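# Analysis of the macromolecular model
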Amino acid sequence: FGHAWDFGQAGWRMLGNGPDDSVFPGFQGCGDCVWAGGAHEEMEAARDARRPVPQFSGATVVNQYAAYSGYDPQTGANDNGSDVQEVLTWRQTKGLLDNAGAAYKIGQTVSLTPGNMQELWAAAYLFECVGIGVNLQQAQMDQFDAGKPWDYVAGSLVIGGHYIPVMGHGGLISWKERVSYTPAFIENCVDEGFCYVD
C-alpha cells in the first residue's frame, strides 16, 4: 500500500501543469491538472499491473487539454481548467493518449463522499489511485514550497481548484512531487473524489 513512491521526483514529470520545457522552451504551465493527474494514474496502474509503463510528455498531455478546452498554449487563452466528471467521461470514451498515440481507457467510476478520510483510504487501497478535486489554499502553496505536508489552515485564502491523484496511504502526487497530507486537509479542502476500474 505504498504507491506513489514508484517513480521518484524525476519520473513523475510536470506534464504541463507547471514549468515544462517539453511543451516548448520557457513554457510556464497551464491548468491541465486533471489531464496530468490522469496520466500519472495511468503510469501507476501500468506499473502496479506489471504492464509496460506508458510514456507521457507535457506536450502530449497539454495537447489533449487543448483539444478538450480550446486552450492555446502560445497565448494562454482559454486556460480555465477542466470539469473532472467530463474528463472521466472523455477517458471512458476516447481514452488518454500517450506519446505513441495509444489510448488508455477507464471503466466505470465511483464517486466518493468529499472529505471522508475513511472512504478515501479504502478506495485508494482497493483501486490504487483516487482522483480528488480540492479547493487549494495559499497555505498549501506555502507548505509545498517549504516541503511540508499539506494541512488545512482556517482563514487561508482559497486560490483555486486543483486535481490530485491520491496513491496509497498518505501520499498524493502534485507538480511532479509526492506530497504528504493531514486528515484536516482532506476533510476541509476536498470537494470531490473519484475512483474507477482500470
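First, a word on what this report is: a plain description of the structure on this page. (Residues numbered from 1 in each chain as written. Predicted model: local features only at pLDDT ≥ 70, side-chain atom pairs only at ≥ 80, totals over all residues. Heavy atoms only, no water.)

## Observations regarding unusual backbone geometry
Using the following cut-off: Helix and strand assignments come from DSSP, with helices taken as H or I runs of at least 4 residues and strands as E runs of at least 2, each series counted from the N terminus.
Despite not being glycine, R13 has its phi angle at roughly 65°, a positive value. By secondary structure assignment, the location of R13 is in the loop between helix 1 (8-12) and helix 2 (33-48). Its identity as a non-glycine residue notwithstanding, E128 has a phi of 75°, on the positive side. Within the fold, E128 resides in the loop between helix 5 (117-127) and strand 4 (129-137).

## A short note on the packing of helix 2 against helix 4 (residues 84-93)
Inclusion rule: Inter-axis angles, ranging from 0 to 180 degrees, are taken between N-to-C directions of lines fitted to C-alpha atoms, where helices are fitted over the stretch in contact. Roughly parallel covers angles under 35 degrees, roughly antiparallel covers those over 145, roughly perpendicular covers 65 to 115, and oblique covers all other angles. The handedness criterion is simple: a crossing whose near helix is rotated anticlockwise from the far helix by less than a right angle is left-handed, and one whose near helix is rotated clockwise is right-handed. Only heavy atoms enter the contact rule, under which two residues are in contact if any of them lie within 4.5 Å. Ten residues, namely Ala, Val, Leu, Ile, Met, Phe, Trp, Tyr, Cys and Pro, are considered nonpolar, four, namely Asp, Glu, Lys and Arg, are considered charged, and the remaining ones, Gly among them, are considered polar.
The N-to-C vectors of helix 2 and helix 4 enclose an angle of 45°; their axes lie 11 Å apart at closest approach. Looking at the two axes, helix 2 sits oblique to helix 4. Between helix 2 and helix 4 lies a crossing whose hand is right-handed. Across from V34, W35, G38, E41 and E42 in helix 2, the residues of helix 4 making contact are V84, V87, W90 and R91. The residue makeup of the contact of helix 2 with helix 4, split by class, is five nonpolar, one polar and three charged.

## Here we look at the side chain of Q140
Within the secondary structure layout, Q140 lies in helix 6 (residues 138-145). Beyond its immediate sequence surroundings of up to four residues, Q140 is in contact with N135, W150, D151, Y152, F185 and C189.

Scope: geometric values only; no functional claims are made or implied.
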